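Notes for the structure review
Residues per chain are reported as follows:
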Amino acid sequence: MAHPLRIPSFRLLFLGRTVSALGEAVVPAALALAVLRATGSTAALAVVLAAAMVPRLLLLPLGGVVADRFDARRVAMAADLVRCATQLAVGVELLGSAPSLTTVVVASALGGTASAFAIPTASPLVAGTVEPADRQRANALMGMTANTSRLAGPALAGALIWAAGPGWAFILDSASFALSALLLALLRVRHVPVPRRSVLADLRHGFGEVRARDWFWTSLLGHGVWNGAAAVLMTLGPAVAIDRLGGETTWVLLLQAGAIGMLVGSLLAGRIRLRRPVLLANLGLACYAAPLFLLAVAAPAPAVIVAYAVALTALGYLNPVWETVVQHHFPPEVLARVTSYDWLVSLGAMPLGYALAPLAADAFGAPVPLAVAGLLVLASCAGTALVPGVRRLTWPATPQPQPVATVASR
C-alpha cells in the first residue's frame, strides 16, 4: 500500500481540505462575537445560525443527487467559490462602521446552501483519488486535519479578533475557500456516470440503496441519536459544570479533552483496522452515555472529563472507519446520495436536541434529560449489535484495484 499523501491528487485534496477546515474553524467564535457586538441580541445570532442550517438540511439530498450526477470535483469547486464570496461579503460588511444584519443573514443562507452541495462530495472525492486498500488511512488523514483545525481554530480566532476584529476572520475563511477551489481545479477524480433519470427517481434510487443495507440504516439511526444527545450535552453541560463541578474552567477542560480525544481517535483509525468495523465502532459510540450519566449525577470533574475524552476518542475513530466502510460497500455512482442521507440524519437530530433539552430541563431539572439522552445513546448504538448485518459486516477480502487519478494538466 502506498501512503495516500504520495498520490498527487489526494495530496492536493488533502491540502485544500486542510486549509478550508482551518478557515471554517475560525468562523464560529468570530460570528458569535460579531453579531452580538452589532445587535446585542442572542435572538439575532439564532436567526443567523438558522439561516445557514435550514437550507443546508433542506437541500442536502439534492446536493447528493447533483454530486453523483455531475463531477464531484466541479460541484465541490463551485460550492467553495460561492462560500468564498459569501464569507468575503460578511467580512467586508463587518469591517464597516455599521454592519447590516440582513447582509449577514443572506450571506449565511447562501453559504448554507453551498455547503448542502459541498458536504456530499467529501466521500466521492476520497474514493475517486485513492485506491480501496489505502482509503482508511486517507480518511484518517482527513479526520486528523479536521480535528486539528477544531483544536487550533478557537485560539486562532481569538488572536485574529483581538488583533484585527472579527471581520478579518471571515476574510481569512474566504481566502481559504479560494485556495481550496484552486487546488480542486488542479486535480482529476474518477467519476462513474449515472444513468439519466429524474431528480425524484435519483432520490428514490439512493434511498433504496440505503434501505437495502440493514447495517447502514440501523447504524444511521444510532448516529442520529448520538448527535441529538450531543446537542443535549452541549446545551445543559455548561450550566452543570459551572454550578456543580467547579466553574467555567471545568467546562473548558472538558471541551479541550474532547478535542484531543477526537484527534487521538483519528490517529488510531490510520493504524488499526478492525475485523468487524461497524459493530465495534458503534459499541465505542455507546461510551458517550458515560459522560451524560456522570453529568446527570454531578460526578467529580476529573471523572466527567476523562469519560468525555474517551467517548470523543471513539467518535474520532469511528468517523474515518465509517467513511471507509461506506466507500467499500456502496457503488461509487450512489456515494454522494448515501453521504447526503447520512449527514441529513446526523445534522437534523442536533436542532431537535438543542430545542428539547432546555424545555425538559425547565420541566424536570437538568439531570433527567441528561440521563434520558444517555439511555437513548446506549440503547441505539449498542443495540445495533442485535442487527445481523452489523455483526456480519467485515472488510472486503481483496479490494479491486482502480486506476489512480492524476494531476490535471491545465
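Owing to the predicted nature of the structure, the values given are computational and were not obtained by experimental measurement.

Rules used throughout
Residues numbered from 1 in each chain as written. Predicted model: local features only at pLDDT ≥ 70, side-chain atom pairs only at ≥ 80, totals over all residues. Heavy atoms only, no water. Helix = DSSP H or I, 4+ residues; strand = E, 2+ residues; numbered from the N terminus. Rg over C-alpha atoms; globule rule 2.2 N^0.38 Å. Buried < 20%, exposed > 50% of the residue type's maximum accessible area, 1.4 Å probe, protein only. Contact = heavy atoms within 4.5 Å. Lys, Arg positive; Asp, Glu negative; His and termini not counted. Charge placed at Lys NZ, Arg CZ, Asp CG, Glu CD. Core = buried A, V, L, I, M, F, W, Y, C linked by side-chain atoms within 4.5 Å. Expected span 1.5 Å × (residues − 1). Bend = angle between axes of the 7 residues up to and from the residue. Polar contact = N/O pair within 3.5 Å; in protein donor to acceptor, adjacent residues only side chain to side chain. 1 Å grid on protein atoms, 1.4 Å probe; cavity = no way out; pocket = protein on both sides within 12 Å on 5 of 7 lines; lining within 4 Å. Points joined across faces, edges and corners; volume = space filled by probe spheres on them. Nonpolar A, V, L, I, M, F, W, Y, C, P; charged D, E, K, R; others polar. Salt bridge = Lys/Arg side-chain N within 4 Å of Asp/Glu carboxyl O. UniProt positions renumbered as here; feature names shortened; annotations may be inferred. Domains from an automatic or database assignment. Buried area = accessible area lost by both parts, 1.4 Å probe. Axes fitted to C-alpha atoms, helices over the stretch in contact; angles between N-to-C directions. Parallel < 35°, antiparallel > 145°, perpendicular 65-115°, else oblique. Disulfide = S-S within 2.5 Å. pLDDT = per-residue confidence, 0-100.

A word on the overall build of the protein. Of the regular secondary structure elements, the protein holds 16 helices and zero strands. Whereas a compact globule of 410 residues would reach a radius of gyration of roughly 22 Å, the protein reaches 21 Å, a difference of no more than 12%. Per-residue burial for the protein yields a buried fraction of 52% across its 410 residues. Pairs at least 24 apart in sequence give 89% of the contacts found in the protein among residues at least 6 apart. Computing the positive centroid from 28 side-chain charges and the negative centroid from 17, the protein places the two 8 Å apart.

Let us now look at the nonpolar core. Residues W215, F216 and Y288 are the most contacted members of the largest nonpolar core, which totals 59 residues. Residues contacting F216, with those up to four places away along its chain left out, are V210, W322, V326, F330, V338 and D342.

With that settled, consider helix α9 (residues 214-244). Counted at 1.5 Å a residue, the expected span for α9 with its 31 residues is 45 Å, and the 42 Å between its end C-alpha atoms agrees. The sharpest bend along α9 comes to roughly 40°, located at L236, with the proline P238 sitting one to four residues further on. Phi turns positive one or two residues past the end of α9, at G246, with a value near 115°.

Quick look at the environment of W251 now. Considering the arrangement of structural elements, one finds W251 in helix α10 (residues 248-269). Remark: the alpha-carbon pair of W251 and F10, spanning 241 residues in sequence, is separated by 37 Å. Not counting residues within four places of it along the chain, the set of residues in contact with W251 comprises L233, M234, G237, P238 and A241.

Let's shift gears to helix α3 (residues 72-95). In this model α3 runs 34 Å from its N-terminal to its C-terminal C-alpha over 24 residues, within 8% of the 34 Å that 1.5 Å per residue would give. Measuring from the side-chain oxygen of the N-cap residue of α3 to the backbone nitrogen of R73 gives 3.1 Å; that N-cap residue is D71.

The next subject is empty space enclosed by the protein. For the structure shown, the criterion picks out one cavity of 30 Å³ or more. Contributing elements (two or more residues each) for the lining of the largest cavity: α1 (8-39), α3 and α4 (101-118). Examining the composition of the lining of the largest cavity, we find that four residues originate from one element, α1, more than from any other. Classifying every residue of the lining of the largest cavity gives ten nonpolar, one polar and no charged.

Looking now at the pattern of salt bridges. A complete count under the given rule lists nine salt bridges for this structure. Close ionic contact of D202 with R197 constitutes a salt bridge, the shortest N to O distance being 3.1 Å. We classify R197 as partly exposed; its relative accessible area is 30%. One continuous salt-bridge network, built from bridges that share partners, spans D68, R69, R197, D202 and R337.

UniProt annotation of "transmembrane region" (unreviewed entry) refers to residues 12-36, 42-67, 215-239, 251-270, 277-299, 305-322, 343-361 and 367-387 when read in the numbering used here. Across residues 12-36 one finds 100% helix and 0% strand; the C-alpha atoms that close the span lie 37 Å apart. Across residues 277-299 one finds 74% helix and 0% strand; the C-alpha atoms that close the span lie 32 Å apart.

Along the chain, R17 turns up in helix α1. With relative accessibility at 18%, the residue R17 sits in the buried group. A polar contact of 2.5 Å, which involves the side chain of R17, links it to the side chain of S180.

What follows is about the domain arrangement of the protein. You can read the domains of the protein as domain 1 (4-191) and domain 2 (206-392). Each of domain 1 and domain 2 has a C-alpha centre, and the two are 23 Å apart. Both faces considered, domain 1 and domain 2 share a buried interface measuring about 2400 Å² in area, 65% of it formed by carbon and sulfur atoms. Area buried by domain 1 at its contact with domain 2 is led by D68, Q136 and L151, which between them contribute 26% of it. Here domain 1 is connected to domain 2 by one salt bridge.

Running from N to C, helix α8 (residues 199-211) and helix α14 (residues 335-364) point in directions that differ by 75°, and their axes come no closer than 9 Å. Compared by their axis directions, α8 and α14 come out roughly perpendicular. Contacts between α8 and α14 involve D202, L203, H205, G206, F207 and V210 from the first element and R337, V338 and Y341 from the second. Considered class by class, the residues forming the contact of α8 with α14 number five nonpolar, two polar and two charged.

On to the environment of H329, then. Following the sequence through the fold, H329 ends up in helix α13 (residues 301-329). Taking relative accessible area as the criterion, H329 reaches 26% and is therefore assigned partly exposed. Here the alpha-carbon distance between H329 and L356, two residues 27 residues apart in the chain, equals 35 Å.

What the rule picks out here adds up to zero disulfides. Cysteine C287 shares no disulfide, and the gap to the nearest cysteine sulfur, in C381, comes to 9.7 Å.

Turning our eyes to something else, we now look at the confidence of the model for the protein. For the protein, mean pLDDT is 87; residues scoring 70 or higher make up 96% of the total. Here helix α6 (residues 135-164) is the element of the protein with the lowest mean pLDDT, 81, and helix α12 (residues 289-296) is the one with the highest, 96. Residue range residues 397-410 is modelled with pLDDT below 50. Its contacts to residues more than four positions away, or to other chains, number 37 contacts.

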